[in-house]
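The residues making up each chain are set out below.
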Amino acid sequence: MTKAVLRKKYKNLRQQLSDTQVDDFSVEIANKLLTLDIWNKSFYHVFLTIEEQKEINTDYILNILAGKDKNIIISKSHIKDYSMTHFLLTDNTRLIKSTYNVPEPVDGIAIQASQLEVVFVPLLAYDKTGNRVGYGKGFYDRFLAQCKPETLKIGLSFFEADNEVFDASEEDIKLDYCVTPNQVFQF
């Protein structure tokens, strides 16, 4: 399927999930993450949940990271050029919702993308070879291109892999893993 078809399909599937299902699946994904050998790193980037889009509730992942005393990095998106800046999440970090309902830091301690060791990547869909489909603005592809090649890119999804993203391009950054409530895919 094409990215446009996959976006429509998975947005619709997400909207059919109840709030209880979203929460239960989010806990299961967080528990599956605990089985991965990724916890010896220091800098972890986490997206903050867009509740209106029924995204995975990353609060559970944030709790795991805080409990392991990791550096948690969150981002602020810049609509003008589809870029992102990254900040250390601290007790003093003030969040506001963007025009797309993304909780974002107002400011804080800046962190470079090259410092990140693990990035939890939002997505709508992905295929069996690690291609991901996001909302279509390219924020994460631009951001991931700034990370070191060895940075782990871990997609989080309520759903299993689709067969193929037919219009994936060379600029698309592939995932290393995708974690669902039922299994972990490694690419």
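Scroll up to find the structure.
All values derive from a computational prediction rather than experimental measurement.

A.B. asks: Describe in detail helix H1 (residues 3-15), supporting the description with residues and values.
C.D. replies: One full turn of an α-helix is made of 3.6 residues, so residues set three or four places apart face in the same direction. The terminal C-alpha atoms of H1, which comprises 13 residues, lie 18 Å apart, in line with the 18 Å expected from a rise of 1.5 Å per residue. Residues of H1 that are buried include every one of Lys-3, Leu-6, Arg-7, Tyr-10 and Arg-14, and no others. Around the axis of H1, the buried residues are gathered within 100 degrees of arc, so they sit on the same side. What points out from H1, more than 90 degrees from its buried face, is the exposed set Ala-4 and Lys-8. On its buried side, H1 packs onto strand S8 (125-126) and strand S9 (132-133).

A.B. asks: An account of the packing of helix H2 (residues 19-33) against helix H3 (residues 59-67) is needed here, citing residue identities and associated values.
C.D. replies: Contact geometry of H2 with H3 gives a least axis separation of 8 Å together with a crossing angle of 35 degrees. In the crossing of H2 with H3, the sense of the turn from one axis to the other is right-handed. Here Asp-23, Ser-26, Val-27, Ala-30 and Leu-33 of H2 lie close against H3, whose contacting residues are Tyr-60, Ile-61 and Ile-64. The residue inventory of the contact of H2 with H3, partitioned by class, reads six nonpolar, one polar and one charged.

A.B. asks: Explain the sheet that holds strand S11 (residues 177-179) to me, using residue names and the numbers behind them.
C.D. replies: The eight strands are arranged S6-S3-S2-S1-S7-S10-S11-S12 in an open sheet whose pairing can be described as mixed. Edge positions in the sheet fall to strand S6 (110-111) and strand S12 (184-186), since each has one partner strand and no second. Looking at chain direction, strand S1 (residues 43-45) and strand S7 (residues 118-121) are connected through two bridges and run parallel. Bridge pairing in S7 links Tyr-44 to Val-118.

A.B. asks: Explain the pairing of strand S3 (residues 83-88) residue by residue, including any values.
C.D. replies: Here six bridges tie strand S2 (residues 71-78) to S3, and the two strands are oriented antiparallel to one another. For Ile-74, the partnering residue across the bridge sits in S3 and is Phe-87. Remark: four residues form the turn of the hairpin made by S2 and S3, two consecutive strands paired antiparallel; Tyr-82 in that turn has positive phi of roughly 55 degrees. Of the strand pairs in this sheet, S3 and S6 are connected by two bridges, and their pairing is antiparallel. Residue pairing across strands places His-86 opposite Ile-111, the latter belonging to S6.

A.B. asks: Outline the packing of aromatic side chains, listing residues and values.
C.D. replies: Taken as a whole and assessed by the stated rule, the structure comprises nine aromatic pairs. Here the aromatic rings of Tyr-126 and Phe-187 are separated by 6.5 Å at their centres, their planes lie at 70 degrees, and the arrangement is edge-to-face. Here Tyr-126 is found in strand S8, whereas its partner Phe-187 is found in the segment after S12, with 61 residues between them in sequence. Taking relative accessible area as the criterion, Tyr-126 reaches 2% and is therefore assigned buried. Taken together, the aromatic side chains of Tyr-10, Phe-25, Phe-158 and Phe-159 make up a single cluster linked through ring pairs.

A.B. asks: Tell me what's going on with unusual backbone geometry, and back it up with residues and numbers.
C.D. replies: In most cases, non-glycine residues show a negative phi, while peptide bonds are predominantly trans. A positive phi angle, close to 55 degrees, is found at Lys-54, a residue other than glycine. Counting through the fold element by element, Lys-54 comes out in the loop between S1 and H3. Backbone geometry places Tyr-82, a non-glycine residue, at a positive phi of 55 degrees. Within the secondary structure layout, Tyr-82 lies in the loop between S2 and S3.

What counts and how
Per chain, residues are indexed from 1 in the order of the written sequence. Totals for whole chains, interfaces and linings use every residue, but because this is a predicted model, local features are given only for residues with pLDDT of at least 70 and side-chain atom pairs only at 80 or more, for both listing and counting. Neither water nor hydrogens contribute to the side-chain values; these are computed over all heavy atoms in the structure. Helix and strand definitions follow DSSP, with helices as H or I runs of at least four residues and strands as E runs of at least two, each counted in order from the N terminus. A helix is expected to span 1.5 Å for every residue after the first. A 1.4 Å probe rolled over the protein chains alone gives each residue an accessible area, and that area as a share of the maximum for its type sets the label: buried under 20%, exposed over 50%, partly exposed in between. The arc refers to the directions leading from the helix axis to the C-beta atoms. Contacts are assigned to residue pairs that have any heavy atoms within 4.5 Å of one another. Axis definition: a line fit to C-alpha positions, over the contact stretch in the case of helices; interaxial angles, taken between N-to-C directions, run 0 to 180 degrees. In a left-handed crossing the near helix is turned counterclockwise from the far helix by less than a right angle, and in a right-handed crossing that turn is clockwise. Any residue outside Ala, Val, Leu, Ile, Met, Phe, Trp, Tyr, Cys, Pro, Asp, Glu, Lys and Arg is labelled polar, Gly included; the first ten of those are nonpolar and the last four are charged. Paired strands, as defined in this entry, are two strands with at least two bridges between them according to DSSP. The pairing test for Phe, Tyr and Trp rings, Trp by its six-membered ring, is centres within 6.5 Å, and the orientation test on the planes gives stacked under 30 degrees, edge-to-face over 60, and tilted for anything in between.

Scope: geometric values only; no functional claims are made or implied.
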